[in-house]
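Structure at a glance
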Amino acid sequence: MDAGDETIESSGDFAAVPDAFQRLWTPHRMVYIQDGTQPHADACPFCLAPAMSDEKALIVARGVHAYVLLNLFPYNSGHLLVCPYRHIATYDEATPEEVAEIGSLTQVAMRVLAETSNCDGFNIGMNQGRVAGAGIAEHLHQHIVPRWATDSNFFPIIARTKAIPQLLGDVRRMVADGWPHDKN
């Protein structure tokens with residue numbers, strides 16, 4: 001378009017322009033990204049999960065102050081979340097007991113995943129706040145993502161798609177069965 005040209009391109013023309021990305025349409029995820037739609041404590045999935053059966057909520061272990069469950073939208077098979085039972089948003093709001101148990105559950109989860117899945121390493125972290133990438137910013141949760149030397153393939157690079165080779169129920173059963181019953 002020349003500097004003197006007053007013609008403005010319609011954004012409607014862009015919809016048909018192909019790009020390198022495949023699209024996975026997930027409108028049910030809008031609740032996690034729309035402004036003002038973070039769940040309240042009475043609708044928070046991390047507050048509701050402990051009242052469900054372990055199988056339905058994908059819980060693999062329960063402690064006194066926190067629990068461990070599978071991520072419903074995993075980056076890899078075995079992607080776990082450690083959540084306090086209390087509805088708190090950030091790590092600095094956690095009590096010393098919650099911090100200690102989140103740490104202890106994380107350690108046990110790493111051992112169990114290493115034994116049951118033969119992973120080679122882990123990504124562990126917390127996204128604090130929506131701007132930092134937290135899908136559910138109002139309830140503290142720590143990610144434990146198992147990694148394998150061979151888990152990188154062409155799908156994420158070429159097809160912008162992540163292959164998850166195991167069903168969530170199967171992974172939950174494997175991790176729960178591997179969890180020591182005498183401690184967290």
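Residues numbered from 1 in each chain as written. Predicted model: local features only at pLDDT ≥ 70, side-chain atom pairs only at ≥ 80, totals over all residues. Heavy atoms only, no water.

Looking up the protein in an unreviewed UniProt entry gives the name HIT domain-containing protein, with the organism given as Cryobacterium breve.

The next thing to look at is the sheet that holds strand β5 (residues 142-147). Where strands meet in a sheet, backbone hydrogen bonds hold them as pairs that are either parallel or antiparallel. One open sheet holds the five strands; their spatial order is β1-β2-β3-β5-β4, and the pairing between them is antiparallel. Each edge of the sheet is formed by a strand with only one pairing partner; in this case those strands are β1 (59-62) and β4 (121-125). Within this sheet the neighbouring strands show an average axis-to-axis angle of 20°, counted without direction. (Pairing = 2+ DSSP bridges. Helix = DSSP H or I, 4+ residues; strand = E, 2+ residues; numbered from the N terminus. Axes fitted to C-alpha atoms, helices over the stretch in contact; angles between N-to-C directions.)

Right, let's get into the pattern of salt bridges. Counted by the stated rule, this structure contains four salt bridges. We note a salt bridge from R86 to E98, for which the minimum N-O separation is 2.7 Å. Here E98 lies in helix α4 (residues 96-117) and R86 lies in the loop between β3 (80-84) and α4, a separation of twelve residues in the sequence. Overall, the relative accessible area of 3% leaves E98 in the buried class. A salt bridge links R173 to D170; the nearest nitrogen and oxygen atoms lie 3.1 Å apart. Here D170 and R173 lie together in helix α6 (residues 168-178), a separation of three residues that amounts to about one turn. A residue is classified by how much of its surface remains accessible, and D170, at 39% relative accessible area, is partly exposed. (Salt bridge = Lys/Arg side-chain N within 4 Å of Asp/Glu carboxyl O. Buried < 20%, exposed > 50% of the residue type's maximum accessible area, 1.4 Å probe, protein only.)

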